[in-house]
Amino acid sequence: IDFAGGACVVGHNIKFDYKVLQATSGITIYPVTCDTMLASYVLNPGSRGHGLDALAFAELGYEMMPYEDMIGKGKLAVPITEVPLRKLAFYAAEDADYTWRLYETLLPRVVKAKSEEILQLEVDLIPVLAAMETAGIVVDVPFLNKMSKELAHTITGLEKKIYKLAGTEFNIASPKQLKEILFDRLK
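(A) The overall build of the protein, seen in detail. Secondary structure summary: the protein contains nine helices and two strands in total. Reading the helices (α) and strands (β) of the protein from amino to carboxyl end gives β-α-β-α-α-α-α-α-α-α-α. Relative to the 2.2 N^0.38 estimate, which gives 16 Å for 187 residues, the radius of gyration of the protein is 25 Å and therefore markedly larger than a compact globule would have. A principal-axis box enclosing the C-alpha atoms of the protein has dimensions of 70 × 40 × 35 Å. Buried residues in the protein amount to 22% of all 187 residues. A sequence separation of at least 24 residues applies to 59% of the contacts in the protein between residues at least 6 apart. As displayed, the protein offers around 13,300 Å² of accessible surface, 61% of which is attributable to carbon and sulfur atoms. Computing the positive centroid from 20 side-chain charges and the negative centroid from 24, the protein places the two 12 Å apart.

This is the structure in structure tokens:
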């Protein structure tokens, strides 16, 4: 990804910020250059640790200030507007700093893995997904209920056929029982 002196917007989980800024101020983040959460996902799709705190620790060995340390916990939590400015500034600067450090760490690995196009596709989808999540979707509940009943009927019919072929009833979802039926009983 080459931006040769152009505008550069880097963030972590930018879709969240994109939606909040759109909803509260009508501001559109553009152009989004890189989302470090998406870069992490492209590099490690099987991992669940794509949050900023987890990545800062895993990639850079740095333990970030937890959000709860800033606002407090439980009944002692205060609205973010009541957090002392120094603490709020530290939290925001730490997020920005470590997001940039992750960008500098992860982007070369994305390039080395030849996954720039995948990351770019993911980044390009941020405004689309944000708009979809904001607008929501229409669900045809009666249709889905009807479909559910039809599928349940179909599944029941298939289960009866399986039991007839096996010569006995068993838990089809059990790999152990299925193995016994297929290999031991039916050979």
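Okay, back to it.
(B) Main features of the pairing of strand β2 (residues 32-35). As defined by bridge partners, strand β1 (residues 9-11) adjoins β2 across three bridges and the pair is classed as parallel. Following the sheet pairing, V9 is matched in β2 by V32. Traced from β1 through helix α1 (residues 14-25) to β2, the parallel crossover comes out right-handed.

(C) Geometry of the side chain of T99. Considering the arrangement of structural elements, one finds T99 in helix α5 (residues 85-112). Beyond its immediate sequence surroundings of up to four residues, T99 is in contact with V10, G11, H12, T36 and L52.

(D) Broad picture of helix α2 (residues 36-43). For α2, every residue scored as buried is listed here: T36, L38, A39, S40 and V42. If you follow the buried residues of α2, they end up packed against β1, β2, α3 (52-60), α5, α6 (116-124) and α7 (126-135). Where α2 begins, the side chain of D35 points an oxygen toward the backbone nitrogen of M37, at a separation of 2.8 Å.

(E) Looking closely at the nonpolar core. Within the largest apolar cluster, 22 residues are counted, with the highest numbers of intra-cluster contacts made by V32, A39, L119, V123 and I126. Looking at this core, the elements that each hand over two or more residues are α1, β2, α2, α3, α5, α6 and α7. Residues within four places of V32 in sequence aside, it is in contact with V9, I14, V123 and I126. Counting residues in each nonpolar core, the second largest holds five residues, with M65, M70, I71 and V83 among its members.

(F) Representation of a negative patch on the surface within the structure. Where like charges cluster on the molecular surface, the negative patch consists of D53, E63, E68 and D69. Relative to the helices and strands, D53 resides in helix α3. Owing to a relative accessible area of 37%, D53 belongs among the partly exposed residues under this scheme.

(G) Focus on the pattern of salt bridges. Overall, the coordinates contain five salt bridges when judged by the stated rule. Notably, a salt bridge pairs R109 with E59, separated by 2.6 Å at the nearest N-O pair. Highlighted residues: R109 in helix α5 and E59 in helix α3, separated in sequence by 50 residues. One salt bridge in this structure joins K146 and E150, with 3.8 Å as the shortest N-O distance. Note that K146 and E150 are positioned in helix α8 (residues 141-166) at a spacing of four residues, about one turn of the helix. Judged by its relative accessible area of 44%, E150 falls in the partly exposed class. The network of salt bridges with common partners includes K15, K19 and E133.

(H) Up close: the side chain of S115. Locating S115 in the fold gives a position in the loop between α5 and α6. A distance of 3.3 Å separates a polar side-chain atom of S115 from the backbone oxygen of A113. The residues contacting S115, other than those within four sequence positions of it, are V42 and V110.

Analysis parameters
- Residues numbered from 1 in each chain as written.
- Predicted model: local features only at pLDDT ≥ 70, side-chain atom pairs only at ≥ 80, totals over all residues.
- Heavy atoms only, no water.
- Helix = DSSP H or I, 4+ residues; strand = E, 2+ residues; numbered from the N terminus.
- Rg over C-alpha atoms; globule rule 2.2 N^0.38 Å.
- Buried < 20%, exposed > 50% of the residue type's maximum accessible area, 1.4 Å probe, protein only.
- Contact = heavy atoms within 4.5 Å.
- Areas by Shrake-Rupley, 256 points an atom, 1.4 Å probe, with all protein chains shown as cover.
- Lys, Arg positive; Asp, Glu negative; His and termini not counted.
- Charge placed at Lys NZ, Arg CZ, Asp CG, Glu CD.
- Pairing = 2+ DSSP bridges.
- Right-handed = clockwise from strand over helix to strand, strands pointing away.
- Polar contact = N/O pair within 3.5 Å; in protein donor to acceptor, adjacent residues only side chain to side chain.
- Core = buried A, V, L, I, M, F, W, Y, C linked by side-chain atoms within 4.5 Å.
- Patch = residues over 30% accessible without salt bridge, like charges linked within 9 Å, V, L, I, M, F, W, Y side chains within 5 Å.
- Salt bridge = Lys/Arg side-chain N within 4 Å of Asp/Glu carboxyl O.

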